[in-house]
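Examining the three-dimensional arrangement
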Amino acid sequence: MFTLLTSLAFVLSVPDMSPIEDAIWAVESNRCESDCPSGDNAKARGALQIHRICFDTVKRDGETYEMVDSLEFSLEIFRRTMKRFVTKKRLKREPTLEDMAKCWNGGGSWFKGSEKKQANLERYWQKVKKELEK
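First, a word on scope: everything that follows refers to the structure included in this document. (Residues numbered from 1 in each chain as written. Predicted model: local features only at pLDDT ≥ 70, side-chain atom pairs only at ≥ 80, totals over all residues. Heavy atoms only, no water.)

**A look at helix α6 (residues 97–106)**
Within α6 the residues assigned to the buried category are Asp99, Met100, Ala101, Lys102, Cys103 and Trp104. Downstream of α6 by a residue or two, Gly107 has a phi angle that is positive, lying close to 90 degrees. (Buried < 20%, exposed > 50% of the residue type's maximum accessible area, 1.4 Å probe, protein only. Helix = DSSP H or I, 4+ residues; strand = E, 2+ residues; numbered from the N terminus.)

So, in structure tokens, the structure goes:
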């Protein structure tokens, strides 16, 4: 009974998210909800490991970078980023889950760059894809 209640409490505390959001959360922080360790040599923070430049690109008045430590706010930043950069108009085709993952890891111009950058983004996508298939 205790396990059922604990599981139910966990489910109720996690915000609604799409499968791609959940997969990226798993890859970025192993589904850490709060007090997540900084990543990428302490350049990223929060449940979705958000860099300052990502936050600055989509922030609104009154929001601070420290707010990304919240899972719910991290998801909001993710959604704003996708809405801005992963669009049919910008890509000239329907966006895919792969586009979303690569944008999250590689920034708004993920589709440009060196072979090394593209190889790194492909490795990241494979990790996200594996989570999506679970």
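**Here we look at the environment of Lys43**
Along the chain, the position of Lys43 falls in the loop between α2 (19–29) and β1 (44–45). Spatially, the C-alpha atom of Lys43 lies 21 Å from that of Ala23, the residues being 20 residues apart in sequence. Setting aside chain neighbours within four positions, we find Lys43 in contact with Ile50, His51, Arg52 and Tyr65. (Contact = heavy atoms within 4.5 Å.)

**As for the side chain of Glu131**
Position of Glu131 among the secondary structure elements: in helix α7 (residues 115–132). A polar contact is formed between the side chain of Glu131 and the side chain of Lys134, at a distance of 3.1 Å. Aside from chain neighbours lying at most four places away, what touches Glu131 is Ala23, Ala26, Val27 and Arg31. (Polar contact = N/O pair within 3.5 Å; in protein donor to acceptor, adjacent residues only side chain to side chain.)

**Some remarks on the nonpolar core**
The nonpolar side chains of a soluble globular protein tend to be buried, and buried together. Among the nonpolar cores identified, the biggest contains 33 residues, and Ile24, Leu48, Ile50, Ile77, Val86, Trp104 and Val128 are the most heavily contacted of them. Secondary structure elements with two or more residues in this core: α2, α3 (52–58), α4 (71–85), α6 and α7. Discounting chain neighbours no more than four positions away, the residues touching Trp104 are Ile24, Glu28, Leu48, Ile50, Cys54, Ile77, Phe78, Thr81, Met82 and Tyr124. (Core = buried A, V, L, I, M, F, W, Y, C linked by side-chain atoms within 4.5 Å.)

**Brief notes about unusual backbone geometry**
At Gln49, a position not held by glycine, the phi torsion is positive, near 50 degrees. You can see Gln49 is positioned in the loop between β1 and β2 (50–51). A relative accessible area of 10% places Gln49 in the buried class. Despite not being glycine, Lys92 has its phi angle at roughly 65 degrees, a positive value. The topology assignment puts Lys92 in the loop between α5 (88–91) and α6.

**Brief notes about the state of the cysteines**
Throughout the structure, instances matching the rule amount to one disulfide. Each sulfur of the disulfide joining Cys32 and Cys36 lies 2.3 Å from the other. On the sign convention where negative means left-handed, the S-S torsion of about -110 degrees between Cys32 and Cys36 marks this disulfide as left-handed. One exposure class covers both Cys32 and Cys36, and it is buried. Unpaired in terms of disulfides, Cys54 finds its nearest cysteine sulfur in Cys103, a separation of 7.8 Å. With relative accessibility at 17%, the residue Cys54 sits in the buried group. Owing to a relative accessible area of 2%, Cys103 belongs among the buried residues under this scheme. (Disulfide = S-S within 2.5 Å.)

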